[in-house]
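Listed here are the chains, written in short residue letters.
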Amino acid sequence: MPDLDPTALGQRLHQAGLRSTRAVLGVAELFDGAAAGWAPTHAEVADQLAQSGAPMNAVTLYRLLDRLVAAGLLARHTAPSERAWRFRWLGTGMDERASTAAVPHFECDACHTHFPLQDADAPTQAVADALRRTLAEYGHQAARVDLAVHGTCAECRGDAQPYP
């Protein structure tokens, strides 16, 4: 696992009130070792765990994924066309500002790959800040702002081009 920092992971889990169990670490390693942009459903995570020789009870996995979302290690979004949730690895290296910052990305509706838009500029951040301020005016506290553009990626369209 090139990116998984066990110390940072342990700290994030501890801050969220979670223990570094074999199940937690196994799921974190699965996401961390996956291709960039991998955003599986619960069933796809369960299949991957079973294939790697570490099957997990469905309810246990649902609860674990929810806990990892609460810990800020995974992002969860609804895939309405599938009537399912998809999960995306956020990793362990985020600071407090990054956990609430807008994370713009493009999601392919065909293959469900997420492509981070690394060149998010000041206007994008201004939109996210305006949304947080508006919510605060109503007494809400935003945990994060997730900005996504949906469509079909070049590879699924048959026009594959290298992604930066």
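Each remark here, short or long, concerns the structure printed above.
Residues numbered from 1 in each chain as written. Predicted model: local features only at pLDDT ≥ 70, side-chain atom pairs only at ≥ 80, totals over all residues. Heavy atoms only, no water.

K.L.:
Help me get a handle on the nonpolar core, residues and values and all.
P.N.:
L13, V27, F31, L65, L68, L73 and L74 are the most contacted members of the largest nonpolar core, which has 20 residues in total. Of all the elements in the fold, those that place two or more residues in this core are α1 (6–15), α2 (22–32), α3 (42–51), α4 (58–70) and β2 (84–89). With sequence-adjacent residues up to four places away left out, F31 is seen in contact with W38, P40, V45, L65, L74, F87, R88 and W89. (Core = buried A, V, L, I, M, F, W, Y, C linked by side-chain atoms within 4.5 Å. Buried < 20%, exposed > 50% of the residue type's maximum accessible area, 1.4 Å probe, protein only. Helix = DSSP H or I, 4+ residues; strand = E, 2+ residues; numbered from the N terminus. Contact = heavy atoms within 4.5 Å.)

K.L.:
Which residues make up the pattern of salt bridges, and what are the values?
P.N.:
Applying the stated criterion across every chain, the model contains two salt bridges. Linking R76 and D66 is a salt bridge whose minimum nitrogen-to-oxygen distance equals 2.4 Å. Taken together, the positions of R76 in strand β1 (residues 74–79) and D66 in helix α4 put the pair 10 residues apart, joining distant regions of the chain. Under the relative-accessibility criterion, R76 is labelled partly exposed at 28%. Classification of D66 by relative accessible area gives partly exposed; the value is 34%. (Salt bridge = Lys/Arg side-chain N within 4 Å of Asp/Glu carboxyl O.)

K.L.:
Describe the packing of α3 against α4, and please don't skip the residues or the numbers.
P.N.:
Where α3 contacts α4, the axes come no closer than 10 Å and their chain directions differ by 115°. With respect to α4, the axis of α3 lies roughly perpendicular. As for how α3 packs across α4, the hand of that crossing is right-handed. Across the interface between the two elements, H42, V45, A46 and L49 of α3 pack against A58, L61, Y62 and L65 of α4. Class assignment of the residues belonging to the contact of α3 with α4 gives a composition of seven nonpolar, one polar and no charged. (Axes fitted to C-alpha atoms, helices over the stretch in contact; angles between N-to-C directions. Parallel < 35°, antiparallel > 145°, perpendicular 65-115°, else oblique. Left-handed = near helix turned anticlockwise from the far one by under 90°. Nonpolar A, V, L, I, M, F, W, Y, C, P; charged D, E, K, R; others polar.)

K.L.:
Before we move on, could you go through α1 and cite the residues and values that matter?
P.N.:
Buried residues of α1: A8, L9, R12 and L13, and no others. Along the axis of α1, the buried residues cluster in a sector spanning 130°; they form a single face. Along α1, the residues that are exposed and aim more than 90 degrees away from the buried face are P6, T7, H14 and Q15. At its buried positions, α1 is contacted by α2 and α4. With its phi angle positive at about 80°, G17 sits one or two positions after the end of α1. (Arc of directions from axis to C-beta.)

K.L.:
Can you explain the sheet that holds strand β4 (residues 114–116)? Please cite residues and give values.
P.N.:
Reading across the sheet, the three strands line up as β4-β3-β5 and stay open at both edges, with mixed pairing between neighbours. At either end of the open sheet lies a strand with only one pairing partner, and these are β4 and β5 (148–151). Taking each pair of neighbouring strands and ignoring which way they run, the sheet shows an average axis angle of 25°. The pairing of strand β3 (residues 105–108) with β5 spans four bridges and is parallel. Looking across to β5, one finds that E107 is bridged to H150. (Pairing = 2+ DSSP bridges.)

K.L.:
With reference to specific residues and values, describe the state of the cysteines.
P.N.:
What the rule picks out here adds up to zero disulfides. Left unpaired, C111 is separated from the closest cysteine sulfur, that of C108, by 3.6 Å. On the accessibility criterion, C111 (34% relative accessible area) is partly exposed. C156 forms no disulfide, and the closest cysteine sulfur to it belongs to C153, at a distance of 3.6 Å. Given the relative accessible area of 37%, C156 is considered partly exposed. (Disulfide = S-S within 2.5 Å.)

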